[in-house]
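# An overview of the molecular structure
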Amino acid sequence: MFSFSRREFCKIAGTQAAALGLLTTGALKLRANPLGMPIGCQTWPVRDMIAKDFPGTLKHLAAAGFKSIELCSPVGYSDNGFGGLAKYKGSELKQMISDAGLSCVSSHFGIDELRKNQEDRIAWAKDVGLTQMLVPSLDGPKTPTMDDVKRAAEEYNKMGERAAQAGIQQGLHNEEFELSKVDGKRTYDVLLELLDPKLVKFQFQVSTVSEGYDAAEYFTKYPGRFVSMHVQGWDASAKKIVAVGKDTLDWHKIFSTAKTGGIKNYFVEMNLDMMKASVPYLRNLKV
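Structure report, in brief. A quick note: this is a predicted structure, and the numbers were derived from the prediction, not measured.

## Notes on the overall build of the protein chain
Within the protein chain, the regular secondary structure consists of 11 helices and 12 strands. In the protein chain, which comprises 287 residues, the proportion classed as buried is 54%. A sequence separation of at least 24 residues applies to 80% of the contacts in the protein chain between residues at least 6 apart. For the protein chain, the exposed surface amounts to about 12,500 Å²; the carbon and sulfur share of it is 50%.

Next up, the structure:
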């Protein structure tokens, strides 16, 4: 059993052809996206395109059928294709996204950049029009002690409090540290107990099903604790990420329980061809 971090998605072999039907605008409006939420995508998989042409990338994503995006901070992700966005003011980025017919309320930030100057990053987030600030991981040790986990949670609760005072929801993804074990328990579960539900929400990585983290199970067990999710199709027999709808996951159940979990938005995150191929299925999925 294994899972994939964001850095590994773009290395996964195999592509899916996009099967976007020829639909009229009126017909599109009649189709109900899951929970009535716009189909979103994370921009990490297209970071190389963003580094070369941000406006062009936005138009490409909009043409593929996406309605919203989740950014990565030009400070925390400066070496991963997003550094070039720093030349724009937050308000300029907001306008560019809007001009492409997209919306953006969420972005990932590195925990280190928040440690150094959270106030500045909050100011940038508000200029862009964000309401959610996520970190991929609290970056604790691979084999943490309970004290390590408690310290990480205490620090992030304080960050969540500062964000809340500015009208921003602080959130936590689940990467390497969160998928570790501590005192025989899942570190992720311990963090759900230690982090203040009023200050910190969670963003669930659906592909962690490869390590036994079932999205529907978590949404049901921890109602209201989640703000969003990263969507990947998973083929259990082949043990690999595939386009949504070409997989073995029960998406009706995942999205139905996502409402209980508190999900406000979701972002498809795979290589570009797989993301495109996921749009028709999500567009037709009724929950």
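Here the narrative resumes.
## Considering the environment of Val231
Looking at the element boundaries, Val231 is found in strand 9 (residues 226-231). Between the alpha carbons of Val231 and Val206 there is a distance of 5.6 Å; along the sequence they are 25 residues apart. For Val231, the residues in contact, after removing those within four places along its chain, are Val206, Val244, Trp251, Tyr266, Phe267, Val268, Glu269 and Met270.

## Structural notes on the packing of helix 7 (residues 146-165) against helix 8 (residues 187-194)
Running from amino to carboxyl end, helix 7 crosses helix 8 at an angle of 45°, the nearest separation of the two axes being 10 Å. Classed by the angle they form, the pair helix 7 and helix 8 counts as oblique. Relative to helix 8, the crossing made by helix 7 is right-handed. Here Met146, Val149, Lys150, Ala153 and Asn157 of helix 7 come into contact with helix 8, specifically with Thr187, Val190, Leu191 and Leu194. Classifying every residue of the contact of helix 7 with helix 8 gives six nonpolar, two polar and one charged.

## Some words on the nonpolar core
In this structure, Phe204 and Met229 are the most contacted members of the largest nonpolar core, which totals 81 residues. Excluding residues within four positions of it along the chain, Met229 makes contact with Gln203, Phe204, Val206, Phe219, Ile254, Phe255, Ala258, Ile263, Asn265, Tyr266 and Phe267.

## A closer look at the state of the cysteines
All told, the structure shown has zero disulfides when counted by the stated rule. Cysteine Cys72 is unpaired, with the sulfur of Cys104 as its nearest cysteine sulfur at 9.9 Å. Of the residues examined, Cys72 reaches a relative accessible area of 0% and is grouped as buried. Overall, Cys104 belongs to the buried group, its relative accessible area being 8%.

## Brief notes about the pairing of strand 12 (residues 265-268)
Burial along strand 12 is two-sided: Asn265 and Phe267 facing one way and Tyr266 and Val268 facing the other are all buried. Both strand 1 (residues 40-42) and strand 12 contribute to a ladder of two bridges, which runs parallel. By the bridge assignment for strand 12, Cys41 is matched with Val268.

Definitions and limits used
- Residues numbered from 1 in each chain as written.
- Predicted model: local features only at pLDDT ≥ 70, side-chain atom pairs only at ≥ 80, totals over all residues.
- Heavy atoms only, no water.
- Helix = DSSP H or I, 4+ residues; strand = E, 2+ residues; numbered from the N terminus.
- Buried < 20%, exposed > 50% of the residue type's maximum accessible area, 1.4 Å probe, protein only.
- Contact = heavy atoms within 4.5 Å.
- Areas by Shrake-Rupley, 256 points an atom, 1.4 Å probe, with all protein chains shown as cover.
- Axes fitted to C-alpha atoms, helices over the stretch in contact; angles between N-to-C directions.
- Parallel < 35°, antiparallel > 145°, perpendicular 65-115°, else oblique.
- Left-handed = near helix turned anticlockwise from the far one by under 90°.
- Nonpolar A, V, L, I, M, F, W, Y, C, P; charged D, E, K, R; others polar.
- Core = buried A, V, L, I, M, F, W, Y, C linked by side-chain atoms within 4.5 Å.
- Disulfide = S-S within 2.5 Å.
- Pairing = 2+ DSSP bridges.

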